[in-house]
Amino acid sequence: MAPSLTTLGKLPVVRCRLLQRYEHQPFVSCLAGLYGCQWRRYQRTRATPGDCCCSKVRDVRGQAGTGGLSSQLECASFALLIVTFCLTLVFLYFWSEAQNDYNDFDWFNFGNLGFWFPWSVVLLVIAAAFFSYVTLLLLLAVCLLSEGQKLYLHWGHKIGVLVTAPYLHVGGVLLMTLLSWPITLHFYDINRKVGQVLIMGLYMAVLCALYLVPLGMYSPCLKEEGTLGLAPALIGHRGAPMLAPENTLMSFEKAVEAGGQGLETDVTISYDGVPFLMHDHTLRRTTNVQEVFPNRTDAPAAMFTWGELETLNAGAWFLHRDPFGTAWSLGTEDRAQAQNQSVCTFKDFLELASQRGKQVIFDLYRPPKGHPYRDTWITRTLEVIQNESSIHSHQVLWLPSNLRSLVQQLDPDLQHTSASRAPVEELQQNHIVQLNLHYSSMSTDMIIEYAAANISTNLYVISQSWLYSLAWCTGAQSVTTNALQFLNNLSRPLFLMTPGEYNLMWVLTDVVSITIIFIIFIFHWWREQSLAFCSGSKPTLEHGTYIKFRTDVWSVSSVNILGEPARSPLATEPNLATVSEH
């Protein structure tokens, strides 16, 4: 029988009620319902304090029941849930950071599927939704464990938990700090020393690893004052493809207006020998060739004459498909101009660069077999540069590697650029003055080595501020970008700090985390001691004493307003064998 309020006295009762663990039956039932979908059949099967959440289940006669296999499955499910959480966290982090390459990903899918769709965004949404789903399940499991409940993950959730850089140091420490509450609570519930050592040892090992991660981290943006170089020059990738249809005169004009110091494009030669701008090998993505030449939709772009190319619209697709999600920002006049863009010739492109004093760099595609200019595409392109446009040769960064020796003889003033890394001596022998490399190849040591030999480095395609900041800190001389209008406004690299500032940041983060975890640990220890005091029992965790004083505290909280003791919760516990029959 529970003691009366007058026996305990007013102050001890208030103190006990502040410290006791309530049974939160509706709350626990809700947790179990969400986690295991056991809304109607949920049985309050508590894990005995000190037992594992997935320990072997025994039936009411004390014999080992069929729950042993089920418990092992639940244990494996919980472990799989943790692993899936980590994998989805890694995938979501890296995919969200890969926004710079979303357009390339969508373009790749267009080439394989034949239609344009923002698959990159769809994948991001799916990854975020799945991560949220797995995170919710993990939180429910931790809450159930903190309430001393066994885990029964619904089969539907088990099927859902199948697929996919931890966050940065601060995020990881924050997560482990938040987990300290349920882990410490479960630590005090365990009555076996081995279990306590395992759970706390694993937690502390992960926590210490996170605390020490900064010792092995390196970032080019950790620089002493005054050691940061000039911002990389910006080269418009196919112009300004976020503001106008790519590889059109409007796009290059927008690139110049946005502050681009160079222009990048792709050159193809028409069947009658007119070099024009087209990135894809077909006209399907960026023109209305399906409407004008429905039987030649998949024909190589180089197999069209210039007269045929002039009849195509090269701008309406941009407003219709909106590849970067930026078409809404265009004004009425710009939308009308974009709507009427046509295929641009290489000559017109060079004239614009000459008039604006911009450097140019381009990929040159060799025509397919059967094309009249298949073997003379290099000399035909040089003719346009030297004889048909007013651009100066030193403004041209010559990227094609074919017949480089012949090109150097025909026009020695061209700025020869290589698309592959090579030893400095080899590059100098080939008169290479610039490297054009993918941004994943960036290396501070490499860039410094080439710069010492007067070989500059251009990185492509960089359209995110954080990636541009990294290229800036690394020392790159220029970058090719889709986002001139954004990067040109960046006055300093993101995340730039001195080594001293970084050390202060991570040390403070670790100290605050340690302090919070220590306070949580002391609070739960004090709570255990106070609970034992309220129940009148010694807080030993052996021979079921812990269960006894928890029951006593429950009986204190069960005294109703008239001072009459409530029924023991054990008396209302459903018979497990009976519930299982339903």
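As named in an unreviewed UniProt entry, the protein chain is Glycerophosphodiester phosphodiesterase domain-containing protein 5-like, taken from Salvelinus namaycush.

### Topic: the state of the cysteines
Where two cysteines share a covalent bond between their sulfur atoms, that bond is called a disulfide. Taken as a whole and judged by the stated rule, the model has one disulfide. Across a sulfur-sulfur distance of 2.4 Å, Cys221 and Cys473 are joined as a disulfide pair. What sets the handedness of the Cys221 and Cys473 disulfide is the S-S torsion sign, and at about 100° it is right-handed. One end of the pair, Cys221, is in the loop between α9 (193-212) and β1 (233-237); the other, Cys473, is in helix α20 (residues 465-474), and 252 residues separate them in sequence.

### Notes on the UniProt feature "transmembrane region" (unreviewed entry) in the protein chain
Here, UniProt's "transmembrane region" (unreviewed entry) annotation points to residues 78-96, 116-145, 166-188, 194-213 and 504-526. Measuring from the first to the last C-alpha atom of residues 194-213 gives 28 Å, for a span that is 95% helix and 0% strand. Along residues 504-526 the backbone is 100% helical and 0% strand, and the end-to-end C-alpha distance reaches 33 Å.

### Quick notes on the nonpolar core
Judged by nonpolar contacts, the single largest core of 53 residues is most densely connected at Phe346, Phe349, Trp398, Leu459 and Ile462. Those residues in contact with Ile462 that sit more than four places away from it in its chain are Asn100, Tyr439, Met442, Leu467, Tyr468, Ala471, Val479, Thr480, Thr481, Asn482 and Leu487. Residues Val289, Leu312, Ala314 and Val343 belong to the second largest nonpolar core, which totals 13 residues.

### Some remarks on the environment of Val292
Within the secondary structure layout, Val292 lies in helix α11 (residues 289-292). Since its relative accessible area comes to 34%, Val292 is described here as partly exposed. The spatial distance from the C-alpha of Val292 to the C-alpha of Thr311 is 7.9 Å, given a sequence separation of 19 residues.

### Structural notes on the packing of aromatic side chains
The tally for this structure, following the rule as stated, stands at eight aromatic pairs. Measuring from centroid to centroid gives 5.6 Å for Phe293 and Phe304, while their planes differ by 65°, and the two rings are edge-to-face. In this pair, Phe293 is assigned in the loop between α11 and α12 (306-309) and Phe304 in the loop between α11 and α12, connecting sequence segments 11 residues apart. Taking the relative accessible area as the measure of exposure, Phe304 reaches 0% and is therefore buried. A ring pair is formed by Trp317 and Phe318, whose centres lie 6.2 Å apart and whose planes are at 80°; its orientation type is edge-to-face. Both residues of the pair, Trp317 and Phe318, belong to the buried class. Through a chain of ring-to-ring contacts, the aromatic side chains of Phe252, Phe346, Phe349, Phe362 and Trp398 assemble into a single cluster. Looking at Arg285, its charged tip hangs above the ring of Trp317, at a distance of 5.6 Å from the centre. The residue whose ring lies beneath Arg296 is Phe293, and the NZ or CZ to ring-centre distance is 5.5 Å.

### Description of the pattern of salt bridges
On inspection of all chains with the given rule, the structure shows 11 salt bridges. For the salt bridge of Asp280 with Arg285, the shortest nitrogen-to-oxygen distance reads 2.7 Å. Both residues of the pair, Asp280 and Arg285, belong to the buried class. Within this structure, Arg238, Glu246, Asp266, Asp280 and Arg285 form a network of salt bridges that share partners.

Reading guide: rules and limits
Residues numbered from 1 in each chain as written. Predicted model: local features only at pLDDT ≥ 70, side-chain atom pairs only at ≥ 80, totals over all residues. Heavy atoms only, no water. Disulfide = S-S within 2.5 Å. Helix = DSSP H or I, 4+ residues; strand = E, 2+ residues; numbered from the N terminus. UniProt positions renumbered as here; feature names shortened; annotations may be inferred. Core = buried A, V, L, I, M, F, W, Y, C linked by side-chain atoms within 4.5 Å. Buried < 20%, exposed > 50% of the residue type's maximum accessible area, 1.4 Å probe, protein only. Contact = heavy atoms within 4.5 Å. Phe/Tyr/Trp six-rings, centres within 6.5 Å; stacked < 30°, edge-to-face > 60°. Lys NZ or Arg CZ within 6 Å of the ring centre and 35° of its normal. Salt bridge = Lys/Arg side-chain N within 4 Å of Asp/Glu carboxyl O.

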